[in-house]
Amino acid sequence: MHSTYSRLNVLSSNAIFLAIVLVGLTSLSSLRESDKFTASLGVRDISSFKMNLRERCDQAHLVLDINIDFRECWNWNVNHIYVSVLAEFETKARKRNEVVVWDRILSSKRDARIKLQEARNKYLLKDLGYNLRGTPVTLRVQYSILPHTGALKVYKPEAGHYNFTMPDKYIE
């Protein structure tokens, strides 16, 4: 009455259903807010600030102090954490400008403590146009937690920001 194929079908269906339920429960645990981190940013120096005629923009090289600790955010469902430092500013031409000036992918809890002194920005701070002189800029930490299972979310916390103003004249 119950063949081997019938029994294997029931067994595999129950195993798949159980796996789906476990994945669903696991993804529910990643819905909580992950803002248990400490961060401090600073601009030690603007080593170069010039007009790029070829790309028709202002660009700057920054020397950054970055101190971020994500060890409290790490749990069993975290696969990676993508961390970036954004430069946010407003110009006459564009109301909202966000430029990534530094980033890193954290792959383990061992790597979750970042302490960099006098680090150069990985990506240039650029403005589309020549409007960066004398502009107030805010550096802000942004991060994404990539879970083993569950939804990916981008966090832009209020903690971990630094305000400065770009020089009025170009620096070579």
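Look up a bit, the structure's there.
Nothing here was measured: the structure is a model prediction, and the numbers come from that model.

S.K.: Can you explain the environment of Asp 58? Please cite residues and give values.
M.R.: Position of Asp 58 among the secondary structure elements: in strand β2 (residues 57–69). Taking the C-alpha atoms as reference, Asp 58 lies 7.3 Å from Leu 128; in sequence the two are 70 residues apart. A distance of 2.7 Å separates a polar atom in the side chain of Asp 58 from a polar atom in the side chain of Tyr 170.

S.K.: An account of the packing of aromatic side chains is needed here, citing residue identities and associated values.
M.R.: Throughout the structure, instances matching the rule amount to four aromatic pairs. On the numbers, 5.0 Å between centres and 20° between planes, the contact of Tyr 143 with Tyr 155 is stacked. Taken together, the residues Tyr 143 in strand β7 (residues 136–147) and Tyr 155 in strand β8 (residues 153–155) connect sequence positions 12 residues apart. Owing to a relative accessible area of 0%, Tyr 143 belongs among the buried residues under this scheme. An aromatic cluster of three or more residues is present, and its members are Phe 70, Tyr 143 and Tyr 155.

S.K.: Tell me about the pattern of salt bridges, and name the residues and values.
M.R.: Scanning the model with the defined rule gives nine salt bridges in all. We note a salt bridge from Asp 65 to Arg 44, for which the minimum N-O separation is 2.9 Å. Of the two residues, Asp 65 is situated in strand β2 and Arg 44 in strand β1 (residues 38–52); the sequence distance between them amounts to 21 residues. Take Asp 65: its relative accessible area is 17%, and that puts it in the buried class. Overall, the relative accessible area of 43% leaves Arg 44 in the partly exposed class. A single salt-bridge network, built from bridges that share partners, covers Arg 44, Asp 65 and Glu 118.

Definitions and cut-offs
Numbers given for residues are sequential positions, taken from 1 along each chain in its written order. Since the coordinates come from a predicted model, pLDDT governs what is reported: local features require at least 70, and pairs of side-chain atoms require 80 or more to be given and counted, while whole-chain, interface and lining totals use all residues. Side-chain measures here rest on the full set of heavy atoms in the structure, leaving out hydrogens and waters. Only runs of H or I of at least four residues qualify as helices and only runs of E of at least two qualify as strands under DSSP, and these elements are numbered from the N terminus. Think of a polar contact as two N or O atoms within 3.5 Å of one another; within protein, one of them needs to be a possible hydrogen donor and the other a possible acceptor, and neighboring residues in sequence only count if both atoms come from side chains. Ring pairs shown here join Phe, Tyr and Trp side chains whose ring centres sit within 6.5 Å, with only the six-membered ring taken for Trp; geometry is labelled stacked below 30 degrees between planes, edge-to-face above 60, and tilted in between. Buried residues are those whose accessible area, probed at 1.4 Å on protein chains only, stays under 20% of the maximum for their type, while exposed residues exceed 50% and partly exposed ones sit between those limits. Think of a salt bridge as a Lys or Arg side-chain nitrogen and an Asp or Glu carboxyl oxygen that are within 4 Å of each other.

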